[in-house]
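# Structural description and commentary
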Amino acid sequence: MTVMVSASAVRDLREKTGAGMMDCKKALAETGGDFEKAVDLLRQKGLAALAKKAGRIAAEGLAAVRVGPDGKAGAVVEVNCETDFVAKNDDFKGFAAALAEHAAAERPASLGDLLASPATRGGKTVDETVKELVAKIGEKIEVRRFARFEGEAVSSYLHGGRIGVLVEGKGAAGASALDALRDVAMHVAAARPQYVRREEVPAETLEREREIYRAQGRESGKPEAIVEKMVAGRLEKFYSEVCLLDQVFVKDPDGKQTVAAFLKKAVPGLSVVRFARFEVGEGVEKKSEDFAAEVMSQVKPG
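As the structure is a prediction and not an experimental result, all values here were calculated from the model.

Below, the discussion takes up the overall build of the chain. Tallying secondary structure elements over the chain gives 13 helices and six strands in all. The burial tally for the chain puts 41% of its 302 residues in the buried class. For the chain, contacts bridging at least 24 residues in sequence account for 65% of all contacts bridging at least 6. Accessible surface, the chain as shown: approximately 16,500 Å² in total, 53% of it carbon and sulfur.

Printed below as a string of structure tokens:
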């Protein structure tokens, strides 16, 4: 009789033991779904030896990007580890680069699909490869996230292994379009836009901004009509800060040309569909003791 194993049970077992996702699924199936027996089984097989590492904070690591030779599909990944030292390890760097290429080629629909997919033909899965890398290097390592785009034109930019950007465009293709999108990807790395265009900003976000600007205007004692004009002006500034196409293009020497104007001039008809920007460790909260140790490591004696 085949035992149905839920994704949540697999996740919980993985979090507790640090074993690979597929190993956890097999252990639950073999034990009829009994969680504690599955834990014992993984321990018996030596697959739970990484449990202590599973609770550590992995905020260092690498971003890696890969775009196919035809410029039609690409991927960006973030792989985390515990220390900058390991991020410079050749095995770790090789894994991150290979993973980006794998993600670009295999079309995984989710992070779970990516981890479960064979890293090599007829070989181990990505998840199993990560587990072996952890055993070899001795630190917690995890594939945190990935994005994959496929369309008329896809380009990328990698900044020092810490920031990876992927950009998809439409309306034009070929070398000129890919070069322009690479410049846009470089801009995204530097300027941190949140949206492509102003129409993508959620209505609730806009209303919150309006209320803040109105309150500021009323505090100044200005008439309501003037306040509304102030709100409109400040919203334009808000768009220029968070929307890619409204931002001033970082490579414009005069600091006046927007990204939209750059694209129109560089490759008429080319527009940006979407982008992904991964900065290593972004949003990961370090434990207080880890932060304290990091601070103390930067204090010079004497």
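What follows is about unusual backbone geometry. We note that Arg107 has phi near 60°; this positive angle belongs to a residue other than glycine. Along the polypeptide, Arg107 turns up in the loop between helix H6 (90–106) and helix H7 (111–116). You can call Arg107 exposed: its relative accessible area is 54%. The backbone of Arg192 sits at a positive phi, close to 55°, despite the residue not being glycine.

A word on helix H12 (residues 259–266). Among the residues of H12, those classed as buried are Val259, Phe262 and Leu263. Down the axis of H12, the smallest arc covering the buried residues is 95°, so these residues share one side. When the buried face of H12 is taken as reference, the exposed residues oriented beyond 90 degrees from it are Lys264 and Lys265. Those residues of H12 that are buried lie in contact with helix H9 (175–191) and strand E6 (271–279).

Its place among the elements puts Glu224 in helix H11 (residues 224–242). Residue class for Glu224 comes out partly exposed when judged on its relative accessible area of 41%. A polar side-chain atom of Glu224 sits 2.9 Å from a polar atom in the side chain of Arg218.

Next up on the list: the confidence of the model for the chain. On average, residues of the chain carry a pLDDT of 87, and 88% of them reach 70 or more. Here residues 288–302 is modelled with pLDDT under 50, and outside its nearest four sequence neighbours on either side it reaches two contacts, counting other chains as well.

Counted under the stated rule, the structure contains 29 salt bridges. Residue Arg210 pairs with Glu207 through a salt bridge whose shortest N-O separation is 3.6 Å. One end of the pair, Arg210, and the other, Glu207, are both in helix H10 (residues 203–219), three residues apart, so they sit about a helical turn from each other. Between Glu211 and Arg214 there is a salt bridge, with the nearest N and O atoms lying 2.8 Å from each other.

Take the packing of aromatic side chains next. Per the stated rule, a full pass over the model turns up two aromatic pairs. Their ring planes at 50° and their centres at 6.2 Å tell us that Phe238 and Tyr239 sit as a pair that is tilted. Neither Phe238 nor Tyr239 differs from the other in exposure class; each is buried. Ring geometry for Phe249 against Phe262: centres 4.2 Å apart, planes inclined by 20°, an arrangement best described as stacked. Highlighted residues: Phe249 in the loop between H11 and H12 and Phe262 in helix H12, separated in sequence by 13 residues.

Tracing the chain through its elements places Cys24 in helix H2 (residues 21–30). Between the C-alpha atoms of Cys24 and Val39, which are 15 residues apart in sequence, the distance is 8.5 Å.

Glancing now at the pairing of strand E1 (residues 60–67). The element E1 is extensively covered by neighbouring structure, given that six of its eight residues are classed as buried. Sheet topology places E1 next to strand E2 (residues 73–81); eight bridges connect them, and they run antiparallel. Residue pairing across strands places Leu62 opposite Val79, the latter belonging to E2. Counting the residues that bridge the hairpin from E1 to E2 gives five residues, and of these Gly71 lies at a positive phi of roughly 65°.

Locating Gly283 in the fold gives a position in the loop between E6 and helix H13 (288–297). Counting along the chain gives 224 residues from Gly283 to Ala59, while the straight-line C-alpha distance between them is 9.0 Å.

Right, let's talk about the packing of H9 against H12 for a bit. One can describe the packing of H9 onto H12 by two numbers: an axis separation of 10 Å at closest approach and a directional angle of 165°. Between H9 and H12, the angle falls in the class roughly antiparallel. In the packing of H9 onto H12, the handedness of the crossing is right-handed. Residue-level contacts link Ala180, Asp183, Val184 and His187 of H9 to Val259, Phe262, Leu263 and Ala266 of H12.

Ranked by internal contacts, the top residues of the largest apolar core, which has 35 residues, are Leu13, Val77, Val79, Phe92, Phe95, Leu99 and Ile141. Of the residues forming this core, the biggest block, seven residues, is contributed by H6. With sequence-adjacent residues up to four places away left out, Phe95 is seen in contact with Val79, Val126, Thr129, Val130, Leu133 and Val143. Counting 24 residues, the second largest nonpolar core, distinct from the first, contains Val167, Val184, Val196 and Val267.

The rules behind each value
- Residues numbered from 1 in each chain as written.
- Predicted model: local features only at pLDDT ≥ 70, side-chain atom pairs only at ≥ 80, totals over all residues.
- Heavy atoms only, no water.
- Helix = DSSP H or I, 4+ residues; strand = E, 2+ residues; numbered from the N terminus.
- Buried < 20%, exposed > 50% of the residue type's maximum accessible area, 1.4 Å probe, protein only.
- Contact = heavy atoms within 4.5 Å.
- Areas by Shrake-Rupley, 256 points an atom, 1.4 Å probe, with all protein chains shown as cover.
- Arc of directions from axis to C-beta.
- Polar contact = N/O pair within 3.5 Å; in protein donor to acceptor, adjacent residues only side chain to side chain.
- pLDDT = per-residue confidence, 0-100.
- Salt bridge = Lys/Arg side-chain N within 4 Å of Asp/Glu carboxyl O.
- Phe/Tyr/Trp six-rings, centres within 6.5 Å; stacked < 30°, edge-to-face > 60°.
- Pairing = 2+ DSSP bridges.
- Axes fitted to C-alpha atoms, helices over the stretch in contact; angles between N-to-C directions.
- Parallel < 35°, antiparallel > 145°, perpendicular 65-115°, else oblique.
- Left-handed = near helix turned anticlockwise from the far one by under 90°.
- Core = buried A, V, L, I, M, F, W, Y, C linked by side-chain atoms within 4.5 Å.

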